[in-house]
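Examining the three-dimensional arrangement
Read off the chains here:
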Amino acid sequence: MLVTILGAALIARHAGVLVLAAGPGRALAAAGALGLAGAVLVMTGRAAAAFGPARALARRIFTEPLRPTLPEGGLELPMAGAMLAGAGAVALASQVGVVFLGVIVAAWSAYFLFHSPSRRPVPVAPLLAWLLVPAYWLLATIAGPEGLGLRALPLVPLSPAAEWLVGAALLLVAWSVSGLWPLHRQTPGALTGAVGALLLLRIALPLAPGGLESWRPLAVYFIIFGVWK
């Protein structure tokens, strides 16, 4: 609830500037259009819910978020410790390689921690975390002997194409551990979401701001839909 209130306050701060710049007429017209679009979505959803096959398909797509179901076999403490260690590496490490390794460890340990051996889904999110391996190879090749310390990330000479590729990989990995749809049944977003956020904040933003900017128009829609779901 506190995070929701803070997010609403931040959005309202920026939205207020846009409303004042647009004027009352345009702001009212935009509000009316959004309200109409919302009404259409509600009516469409109700109509689909009354149709049996559509209702069954919706239940398969829009399932409940992942709940903490600890596995059997005495692996709870080791997996929890590995997840915390991985998250700590992402938050505190000063080398890109250690941060990437922390993300991979956190993703896999959270996956094993929250799925019993008999009911584990295909590990899509943990497998996506391995995209950090080729991303690190590319970055290490470009950085050369200067290394990949976090303080030197803004100095890594990435081309626009390299920024585009690295930005895509980091966004996809951050999405995979965030617990957002359609990967909300893979890892517990309440625990690993911070890992994805730190990956973008500590690595992606200083390293490939142009790449993130190029992906922003597409990523915003997916993030909004994922949060809403």
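In case you missed it, the structure is sitting above this.
Residues numbered from 1 in each chain as written. Predicted model: local features only at pLDDT ≥ 70, side-chain atom pairs only at ≥ 80, totals over all residues. Heavy atoms only, no water.

1. So, the overall build of the protein chain
On a plain count of helices and strands, the protein chain comes out with 10 helices and zero strands. Traced from its N-terminal end to its C-terminal end, the protein chain shows the element sequence α-α-α-α-α-α-α-α-α-α. Burial statistics for the protein chain: of 229 residues in total, 31% are counted as buried. For the protein chain, contacts bridging at least 24 residues in sequence account for 73% of all contacts bridging at least 6. (Helix = DSSP H or I, 4+ residues; strand = E, 2+ residues; numbered from the N terminus. Buried < 20%, exposed > 50% of the residue type's maximum accessible area, 1.4 Å probe, protein only. Contact = heavy atoms within 4.5 Å.)

2. Thoughts on the packing of helix H5 (residues 96–113) against helix H7 (residues 132–143)
Two elements in contact, H5 and H7, have axes separated by 10 Å at closest approach and are oriented at 175°. Judged on the interaxial angle alone, H7 and H5 are roughly antiparallel. Facing Val-96, Gly-97, Phe-100, Val-103 and Ile-104 of H5, the residues of H7 in contact are Leu-132, Val-133, Ala-135, Tyr-136 and Leu-139. (Axes fitted to C-alpha atoms, helices over the stretch in contact; angles between N-to-C directions. Parallel < 35°, antiparallel > 145°, perpendicular 65-115°, else oblique.)

3. Re H5
Taking 1.5 Å per residue as the helical rise, H5 with its 18 residues ought to reach 26 Å, and the 26 Å between its terminal C-alpha atoms agrees with that figure. Buried residues dominate H5, accounting for 13 of its 18 residues. (Expected span 1.5 Å × (residues − 1).)

4. Notes on the packing of H7 against helix H8 (residues 160–176)
Running from amino to carboxyl end, H7 crosses H8 at an angle of 150°, the nearest separation of the two axes being 10 Å. The angle between H7 and H8 falls in the class roughly antiparallel. In terms of crossing hand, the pair formed by H7 and H8 is left-handed. For the pair H7 and H8, contact is made by Leu-132, Leu-138, Leu-139 and Ile-142 and by Ala-162, Val-166, Leu-170 and Val-173, respectively. The class makeup of the residues in the contact of H7 with H8 is eight nonpolar, no polar and no charged. (Left-handed = near helix turned anticlockwise from the far one by under 90°. Nonpolar A, V, L, I, M, F, W, Y, C, P; charged D, E, K, R; others polar.)

5. Observations regarding helix H4 (residues 76–92)
With 17 residues, H4 should cover 24 Å at 1.5 Å per step; its first-to-last C-alpha distance of 24 Å lies within 8% of that length. When H4 is considered as a whole, its buried residues turn out to be Met-83, Gly-86, Ala-89 and Val-90. When H4 is viewed along its axis, its buried side chains cluster within an angular range of 125° and face the same direction. Those residues of H4 that are exposed and aimed more than 90 degrees away from the buried face are Leu-77, Leu-84 and Leu-92. (Arc of directions from axis to C-beta.)

6. Some words on the nonpolar core
Among the nonpolar cores identified, the biggest contains 33 residues, and Phe-100, Leu-132, Leu-153, Leu-170, Leu-199, Ile-203 and Leu-207 are the most heavily contacted of them. The element best represented in this core is H5, accounting for nine residues. (Core = buried A, V, L, I, M, F, W, Y, C linked by side-chain atoms within 4.5 Å.)

7. Topic: the packing of aromatic side chains
Tallied over the entire structure, the rule returns four aromatic pairs. With centroids separated by 6.4 Å and ring planes inclined at 75°, the aromatic side chains of Phe-100 and Tyr-136 adopt a geometry described as edge-to-face. With Phe-100 in helix H5 and Tyr-136 in helix H7, this pair connects stretches of sequence that are 36 residues apart. On the basis of relative accessibility, which here comes to 35%, the residue Tyr-136 falls in the partly exposed class. What links up through ring pairs into an aromatic cluster is the set Trp-108, Tyr-111 and Phe-112. (Phe/Tyr/Trp six-rings, centres within 6.5 Å; stacked < 30°, edge-to-face > 60°.)

8. Here's the deal with the environment of Ala-87
Summarising the element assignment, Ala-87 is placed in helix H4. Ala-87 sits 18 residues away from Val-105 along the chain, and the two C-alpha atoms are 8.3 Å apart. Residues contacting Ala-87, with those up to four places away along its chain left out, are Gly-102, Ala-106 and Val-195.

9. Some thoughts on a nonpolar patch on the surface
Nonpolar side chains collect at one region of the surface, where Leu-127, Trp-130 and Val-133 lie side by side and expose about 290 Å² of accessible area between them. Structurally, Val-133 is set in helix H7. By relative accessible area, Val-133 is classed as partly exposed at 43%. (Patch = residues over 30% accessible without salt bridge, like charges linked within 9 Å, V, L, I, M, F, W, Y side chains within 5 Å. Areas by Shrake-Rupley, 256 points an atom, 1.4 Å probe, with all protein chains shown as cover. Salt bridge = Lys/Arg side-chain N within 4 Å of Asp/Glu carboxyl O.)

10. Quick word on the environment of Pro-121
Summarising the element assignment, Pro-121 is placed in the loop between H5 and helix H6 (124–129). Each C-alpha atom of the pair Pro-121 and Arg-185 lies 8.3 Å from the other, and the pair is 64 residues apart in sequence. Among residues more than four places away in sequence, those in contact with Pro-121 are Tyr-111, His-115, Arg-185 and Gln-186.

The quantities given are spatial measurements derived from coordinates; they are silent on function.
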